[in-house]
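What follows is the residue order along each chain.
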Amino acid sequence: MATYLYKLGRFAFRRRRYVVLVWVALLALAGVGAATAPSAPSDNFTVPGTEAQKAFDLLHERFPGTNADGASARMVFQAPGGQKVTAGPAKEAVEKAVTELRHMPQQATVGDPYAADTVSKDGTTAYATVTFQAKSMEITDATHTAIDTVAQHGRDAGLTVETGGTAVQASPSTGNSEVIGIGIAAVVLLLTFGSLVAAGLPLLTAIMGVGVGIASITALASTLGLSSTSSTLASMIGLAVGIDYALFIVSRHRHELMEGRDGEEAAGRAVGTAGSAVVFAGLTVLIALAGLSVVNIPMLTKMGLAAAATVALAVLIALTLIPALLGFAGPKVLTRKVRKGRAAPSDKPNMGTRWARLVVRRRVPFLLAGVVALGLAAVPMTSMQLGLPDDGSQPVSTTQRRAYDMLSDGFGPGFNGPLMVVVDGAHTDNPKAAAQDIKRTISGFADVKTVTEPSFNPKGDAATLTVVPVSKPSSAQTEDLVHVIRGHSGEFEKTTGAEVLVTGTTAMNIDVSQRLNDALLPYLALVVGLAFLLLMIVFRSVLVPLKAALGFLLSVLAALGAVVAVFQWGWLAGLLGVEQTGPIMSMMPIFMVGVVFGLAMDYEVFLVTRMREAYVHGETPRQAVVTGFNHGARVVSAAAVIMISVFAGFIGSSESMIKMMGFGLAIAVAFDAFIVRMTIVPAVLALLGRAAWWLPRRLDRVLPNVDVEGEQLRKALVEPPQAVDGQEEREPAVI
């Protein structure tokens, strides 16, 4: 592979004008496609195979003209100063608001609080339910504005008015997270390379890759059913890996130039060696992201595949566009002192070398310290509680959260998470009697506050019951109630002949959490197993991939522990702007496993490849560890800081779940890069010695030799490097 990539790098360098034109043309083509393509579809959140989804499908079939998963809103009214909303000016203001809601831009059904008896027992609080045909992502800005206007009119009349529900979900504000991430990346690259040109190349190519990727996703959104949210993960991951991959190739190109090779030869060797590492690092990320499809949640699958496609583009750009741009940059990628021959020679080892020597010399204490530190950070994970967000997890400053609290105070905590019980009476002689029997039985269950009368479809063979729990939606008691009702489904069918299904937002959240929990171990086995085989091919070793996988598990467990400590226990919550603690989002563990595994293997490949290269070229195992750090520690540190900056920018989001994602990914990368890869990895390799690179002979014969360390390439290249003016560039200070 190294030989092939070497030829590709030289070709891109020679034909740089054509290569750049091709990528510019692709960007323009994708941009035109995005500008002319139909609008992206809304998120169609389905979870095939779950009971909640089966019930939704039955509702679509038996209740024609209704939209069971359509958006809804609740406008909550509260009278001032102990007054009641059932009489006087307060009632007039509520009735006026209901009338205005019925004249909103999008078709909606509005329930009158007084006709529907949605007034609290003390008469101080009432709510109007607004049901839309459209899904939540299809609600227009005009409708949002109309709802806000109606609420303001109610406030002007002296009422306290707040709105909640899926129709008024606020678009999360992430601030200038991407701009901040790019700005920090620019500073890190400039400090790393000491050259504006060298620092600018990774930024330029990463933005190019993300631009092509996002434009392509937008252009194909309607055809492939990609929602607008598919681009969020793609842009985040694409930007981070795009900068990192370019960073490694530019760094290797500069090294080859300083060895005295001309530009074309340096580009070829950079792509042949560092480019090989980029290919395999990219493959691990692709495996991790594409593997999200095993969860069998279509929206998650599409997000993973869209992000994987953007990563593939980042790899292609690193292998072709980077050497082409290096051709235009010429010697300007080096510092001015080196170009002018004023670089002062120095035998002083850089910080990476000094750190590696220290770890190798004190390998056991450093290994124990790293493992203990990550183990302590992982302790909070033992009390992790998983769930999906609702309005109760919103910041207290939002109208959604205030509406949630008003409903909880006026009608009980369980009112915010009602369960919908669907009765399929197609195979019973008396569906109405069956529905009444089921209602009476459910009313006697623990944690049930009320059960509404059955509401039948026009044909009379299906009905819905609304069950209001005593406990709040995210509580263990409500989850137990769902399981209890479902556990009696066999008894219901035996006694009444009707099939009973439980659905609704709360039940769907429970099913999604269970699906994600059940998929975590198979997903982990698939991703780690495939990556283990891939790393065995790369490193020609059994123990190095095993060590990489175990180190990754340590970093992920520690990161999840940190997430629990902050977002569930409340440690440092004020510092990070966490207004509300609660269960950890169910998607968090599997999402972190996928994304962090792919990114962690990047650092493993880039760092250990240089060690493997030194070992293959004759150095002792401990010398190879130091050599690998001498060449790779600085760029790996820079890459990690850039990645952490990109993810940490999302901690400023107004949405608690995005804040959680940003913090979790940032702390995971920090743990993995600086504790696992920079401390545990060299300590373990120093302890293992030559055994680290052991591979059984049978496997050695079976596994393909991809020559990632460039040994075959070096043998094929007969010309020795020539020094230029006796000068050698010295590494800028380690960040």
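For the structure, see preceding data.
Computed from a predicted structure; not experimentally measured.

Peer 1: I keep staring at the overall build of the chain and nothing clicks. Help me out?
Peer 2: Helices and strands together make up the secondary structure of the chain, namely 24 helices and 11 strands. Looking at the chain as a whole, 55% of its 735 residues qualify as buried. Of the contacts made within the chain by residues no fewer than 6 positions apart, 80% connect residues no fewer than 24 positions apart. With an accessible surface of roughly 30,600 Å², the chain has 59% of that area assigned to carbon and sulfur atoms.

Peer 1: Help me understand the packing of helix H18 (residues 505-539) against helix H19 (residues 543-567), please; the structure alone is not making it clear to me.
Peer 2: When two helices pack together, their arrangement is given by the angle between the helix axes and by the axis-to-axis distance. Orientation of H18 relative to H19, taken along the N-to-C sense of each, is 140 degrees, at an axis distance of 8 Å. Where H18 crosses over H19, the handedness of that crossing is right-handed. Contact residues: Leu524, Val528, Phe532, Leu535, Met536 and Phe539 in H18; Val544, Pro545, Leu546, Ala548, Ala549, Phe552 and Leu553 in H19. The residue makeup of the contact of H18 with H19, split by class, is 13 nonpolar, no polar and no charged.

Peer 1: So what exactly am I meant to see when it comes to the packing of aromatic side chains here?
Peer 2: Inspection of the entire model under this criterion finds seven aromatic pairs. On the numbers, 5.2 Å between centres and 65 degrees between planes, the contact of tryptophan 569 with tryptophan 571 is edge-to-face. Considering the side-chain rings of tyrosine 615 and tryptophan 693, the 5.7 Å spacing of their centres and the 20 degrees angle between planes classify their relative orientation as stacked. Taken together, the positions of tyrosine 615 in helix H20 (residues 587-616) and tryptophan 693 in the loop between helix H22 (656-688) and helix H23 (697-702) put the pair 78 residues apart, joining distant regions of the chain. Using a relative accessible area of 19% as the deciding quantity, one classes tyrosine 615 as buried. The aromatic ring of phenylalanine 13 is capped on one face by arginine 16, whose charged end is 5.1 Å from the ring centroid. Lying across the ring of tyrosine 127, arginine 74 places its NZ or CZ 5.2 Å from the centre.

Peer 1: Sorry if this is basic, but what is going on with the pairing of strand S9 (residues 462-469) here?
Peer 2: Strand residues, when the strand is regular, have side chains that alternate between the two faces of the sheet. In terms of burial, S9 is largely enclosed, as seven of its eight residues are buried. Summarising the sheet, strand S6 (residues 419-424) and S9 pair through six bridges and their orientation is antiparallel. Bridge pairing links valine 422 to threonine 464 in S9. Here strand S7 (residues 448-451) runs beside S9; their pairing, made up of three bridges, is antiparallel.

Peer 1: Explain the sheet that holds strand S3 (residues 125-132) to me, please; I cannot follow it from the model alone.
Peer 2: Strand pairing in a sheet relies on backbone hydrogen bonds. The paired strands run either parallel or antiparallel. Spatially, the four strands line up as an open sheet ordered S2-S3-S1-S4, and their pairing is antiparallel. Of all the strands in the sheet, just strand S2 (108-110) and strand S4 (160-164) have a single pairing partner and so form its edges. Strand-to-strand twist in this sheet, taken as the mean axis angle between neighbours without regard to direction, amounts to 20 degrees. Pairing of strand S1 (residues 72-78) with S3 involves seven bridges; the strand directions are antiparallel. Within S3, the residue paired with phenylalanine 77 across the bridge is alanine 126. Most of the contacts of helix H4 (residues 88-101) go to S1, to which it runs at about 160 degrees, and overall it touches S1, S2 and S3. Where helix H5 (residues 141-156) meets the sheet, its contacts fall on S1, S3 and S4, and the angle it forms with S4 comes to roughly 160 degrees.

Peer 1: So what exactly am I meant to see when it comes to the pattern of salt bridges here?
Peer 2: Once the charged atoms of two side chains with opposite charge are near each other, the side chains can pair. One pass over the full model with this rule turns up 21 salt bridges. Note that glutamate 453 and lysine 439 form a salt bridge whose closest N and O atoms lie 3.7 Å from each other. Separated by 14 residues along the polypeptide, glutamate 453 in the loop between S7 and strand S8 (455-456) and lysine 439 in helix H15 (residues 431-443) bring together distant segments of the chain. Through salt bridges with shared partners, a single ionic network connects Arg10, Arg14, Glu264, Glu265 and Arg269.

Reading the values: the criteria
- Residues numbered from 1 in each chain as written.
- Predicted model: local features only at pLDDT ≥ 70, side-chain atom pairs only at ≥ 80, totals over all residues.
- Heavy atoms only, no water.
- Helix = DSSP H or I, 4+ residues; strand = E, 2+ residues; numbered from the N terminus.
- Buried < 20%, exposed > 50% of the residue type's maximum accessible area, 1.4 Å probe, protein only.
- Contact = heavy atoms within 4.5 Å.
- Areas by Shrake-Rupley, 256 points an atom, 1.4 Å probe, with all protein chains shown as cover.
- Axes fitted to C-alpha atoms, helices over the stretch in contact; angles between N-to-C directions.
- Left-handed = near helix turned anticlockwise from the far one by under 90°.
- Nonpolar A, V, L, I, M, F, W, Y, C, P; charged D, E, K, R; others polar.
- Phe/Tyr/Trp six-rings, centres within 6.5 Å; stacked < 30°, edge-to-face > 60°.
- Lys NZ or Arg CZ within 6 Å of the ring centre and 35° of its normal.
- Pairing = 2+ DSSP bridges.
- Salt bridge = Lys/Arg side-chain N within 4 Å of Asp/Glu carboxyl O.

Functional significance is not addressed by these values, which are geometric in nature.
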